[in-house]
Amino acid sequence: MPPASCWGSSGRTLYWAASQLDLPTLADSGYDGAGQGIHTPVKQPADGNRLAIHNRTYNRLLRSLRGLGERGFALLIGRWHALRHTAASPRSVGHIVGAALVLTQFEYRYLPNRH
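Each value, and the rule that gives it
Residues numbered from 1 in each chain as written. Predicted model: local features only at pLDDT ≥ 70, side-chain atom pairs only at ≥ 80, totals over all residues. Heavy atoms only, no water. Helix = DSSP H or I, 4+ residues; strand = E, 2+ residues; numbered from the N terminus. Contact = heavy atoms within 4.5 Å. Areas by Shrake-Rupley, 256 points an atom, 1.4 Å probe, with all protein chains shown as cover. Expected span 1.5 Å × (residues − 1). Buried < 20%, exposed > 50% of the residue type's maximum accessible area, 1.4 Å probe, protein only. Arc of directions from axis to C-beta. Patch = residues over 30% accessible without salt bridge, like charges linked within 9 Å, V, L, I, M, F, W, Y side chains within 5 Å. Salt bridge = Lys/Arg side-chain N within 4 Å of Asp/Glu carboxyl O.

A. Just the overall build of the protein chain, in detail. Counting its regular elements, the protein chain contains 3 helices and 2 strands. Start at the N end of the protein chain and walk to the C end: the helices and strands fall as α-β-β-α-α. Of the contacts formed within the protein chain by residues at least 6 apart in sequence, a portion of 26% connects residues at least 24 apart. Here the protein chain displays about 8,700 Å² of accessible surface, and carbon together with sulfur accounts for 58% of that area.

Following this line, the structure appears as structure tokens:
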């Protein structure tokens, strides 16, 4: 595994979130071996054999969960330009993104009805 200084800002943020905030982090195979709490797909065996069914199921689930998160993030940064380039720390950007999420849900009328 390369040192954290070689990962770039997104890799360092993923590792920080996974290790310091105890957040399970879903990543693509480029982050394989990045550390505890970072979940990456199981790679194909080098010998050409097919992955076991439980590994294929894990990969499919991981891809679908990552897809939901990526679509949600694309919606947020598409609407809130301030989220595209932020210098806020990972700890405080969560509050900013949470506020943007509530405003976006309100805007799209996704908030649950309160009777």
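B. Region of the structure containing helix α2 (residues 53-79). Between its terminal C-alpha atoms α2 stretches 39 Å, which fits the 39 Å expected from 27 residues at 1.5 Å a residue. All of the buried residues along α2 are Asn59, Leu62, Gly67 and Leu76. Where the residues of α2 are buried, they touch β1 (25-26), β2 (38-39) and α3 (90-107).

C. Up close: the side chain of asparagine 59. Within the secondary structure, asparagine 59 is located in helix α2. Classification of asparagine 59 as buried rests on a relative accessible area of 7%. In this structure asparagine 59 touches Pro41, Val42 and Leu51, once residues within four positions along its chain are discounted.

D. Local environment of the environment of leucine 51. Tracing the chain through its elements places leucine 51 in the loop between β2 and α2. Taking the relative accessible area as the measure of exposure, leucine 51 reaches 8% and is therefore buried. Setting aside residues up to four positions removed in sequence, leucine 51 forms contacts with Val42, Lys43, Gln44, Pro45, Arg56 and Asn59.

E. Spotlight on α3. For α3, with 18 residues, the first-to-last C-alpha span of 25 Å sits near the 26 Å given by 1.5 Å per residue. When we look at burial in α3, the residues that qualify are Val93, Ala100 and Thr104. Along the axis of α3, the buried positions cluster into a sector of 40°, meaning they face one direction only. The exposed residues of α3 that point more than 90 degrees off its buried face are Arg91, His95 and Phe106. Of the surrounding secondary structure, the elements contacted by the buried residues of α3 are α2.

F. Region of the structure containing a nonpolar patch on the surface. On the surface, Leu26, Leu61, Leu65 and Leu68 cluster together into a nonpolar patch covering about 350 Å² of accessible area. Looking at which element gives the most residues to the nonpolar patch, the answer is α2, with 3 residues. Mapped onto the elements of the fold, leucine 68 is located in helix α2. Residue class for leucine 68 comes out exposed when judged on its relative accessible area of 53%.

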